Amino acid sequence: MPYVIGEDLPEEPAGLRFRRLLDRPEILQMPGAHTGIAALLAKKAGFPALYMSGAAMSATMGLPDLGMITVDEVAFYIRQVARAAGLPMLVDGDTGYGEALNVMHMVRVFEEAGAGAVHLEDQLLPKKCGHLNDKKLADARDMAAKVAAARKARRHLYVIARTDAVASEGMDAAVARAKLYLEAGADAIFPEALHSRDMFAEFAQRMPGVKLLANMTEFGRTPFFTAKEFQELGYAMVIWPVSHMRIANKAMEELYATIRETGGTMAMLDRMQTRAQLYETIGYHRYEALDASLVKTIVPEGMPQT
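Residues numbered from 1 in each chain as written. Predicted model: local features only at pLDDT ≥ 70, side-chain atom pairs only at ≥ 80, totals over all residues. Heavy atoms only, no water.

Let's talk about the packing of helix H2 (residues 36–44) against helix H12 (residues 275–282)
- Interaxial distance between H2 and H12 falls to 9 Å at its minimum, and their mutual angle equals 85°. The angle between the axes of H2 and H12 places the two elements in the roughly perpendicular class. For the pair H2 and H12, the contacting residues are Ile37, Leu40, Leu41 and Lys44 in the first and Leu278, Glu280, Thr281 and Ile282 in the second.
- Split by residue class, the contact of H2 with H12 holds five nonpolar, one polar and two charged. (Axes fitted to C-alpha atoms, helices over the stretch in contact; angles between N-to-C directions. Helix = DSSP H or I, 4+ residues; strand = E, 2+ residues; numbered from the N terminus. Parallel < 35°, antiparallel > 145°, perpendicular 65-115°, else oblique. Contact = heavy atoms within 4.5 Å. Nonpolar A, V, L, I, M, F, W, Y, C, P; charged D, E, K, R; others polar.)

A few points about the nonpolar core
- Within the largest apolar cluster, 68 residues are counted, with the highest numbers of intra-cluster contacts made by Phe110, Phe203 and Tyr235.
- No other element matches the eight residues that helix H4 (residues 71–85) contributes to this core.
- Once residues within four sequence positions are removed from consideration, Phe203 is found in contact with Met171, Ala174, Val175, Ala178, Ile189, Pro191, Leu194, Leu212 and Tyr235.
- If you look at the next biggest cluster of nonpolar residues, it comprises 17 residues, including Phe18, Ala49, Leu90 and Met237. (Core = buried A, V, L, I, M, F, W, Y, C linked by side-chain atoms within 4.5 Å. Buried < 20%, exposed > 50% of the residue type's maximum accessible area, 1.4 Å probe, protein only.)

Some points on unusual backbone geometry
- In the Ramachandran plot, Tyr97 falls in the positive-phi region, its phi being about 65° despite a non-glycine side chain.
- For Tyr97, the location among the structural elements is in the loop between strand S3 (89–92) and helix H5 (100–113).
- If you check the backbone angles, Phe219 has positive phi at about 60° while not being a glycine.

Points about the layout of surface pockets
- Here the largest pocket is characterised by a volume of approximately 900 Å³.
- Around the largest pocket, the lining is made up of 38 residues, and of these Ala82, Arg83, Ala84, Ala85 and Gly86 lie nearest the centre.
- Among the secondary structure elements, those contributing two or more residues to the lining of the largest pocket are helix H1 (14–22), H2, H4, H5, H12 and helix H13 (284–294).
- Among the elements that make up the lining of the largest pocket, the one with the highest residue count is H4 (six residues).
- Within the lining of the largest pocket, the residues separate by chemical class into 17 nonpolar, eight polar and 13 charged.
- Space inside the second largest pocket adds up to approximately 780 Å³.
- Taken together, 26 residues form the lining of the second largest pocket, with Leu41, Ile247, Ala248, Ala251 and Met252 sitting closest to its centre.
- Looking at the lining of the second largest pocket, the elements that each hand over two or more residues are H2, helix H3 (54–60), helix H11 (243–262) and H12. (1 Å grid on protein atoms, 1.4 Å probe; cavity = no way out; pocket = protein on both sides within 12 Å on 5 of 7 lines; lining within 4 Å. Points joined across faces, edges and corners; volume = space filled by probe spheres on them.)

Below is the structure:
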């Protein structure tokens, strides 16, 4: 039913619902969905949780993924996705938007907006996509302090620590950092930009009993693996962070080119979601029926003067 009906809203906090999904034996699959309509489509496809990428949110605003967006801008996206789909979501917290107090503020804002989990990364600003070169890493102790701050600020939010250390410091350093972040209070670890099956397997073997997140982004350093393959390698979660936006952007690019070349959209109609399909996805008629049940039209019986 529409989110405006209070009794239909989830009673359990998103963080607890996220944790319960991780109690299941199968890997938790989270496609990127940073807008309300994307969240509804992902939910319709059967996904139990969603991922919100900082790169996707930045690009939607026409900005590069260099840590330029703010806590409140991200919270706007969190609220619309939580409202639209009601699913627990993992949100990209970048570097925490500052130091320990900023991280605590971020955690409170994200949790209040409806997030179920957040991940923090050990880069310095201006941060980069994890699959690019020349990333600057924070001191491991400074990152651990941010993790501890997030842990102290959260009520139920699931905290994942991401390390980008493999590319510049090697596997041993990345594992050492991950263990330090776990000691500081992280619930899980996200090793970013691993680029072979052996690397994924080694990291998992050196983190026994730890919940691990795998990133299956396209056009990066990681080869294509399926969710089942990641699970077999020892990973509890997998995200496809920007895939939905790549598909949508390519389609929009082709649409605009077609309009410019032909003066119309007829050649693209078979690739469009119809009005009926859109209305079904957003629950248009359910909202309309709800409004009609609450707001009755009263027909005047006479002129005011009489």
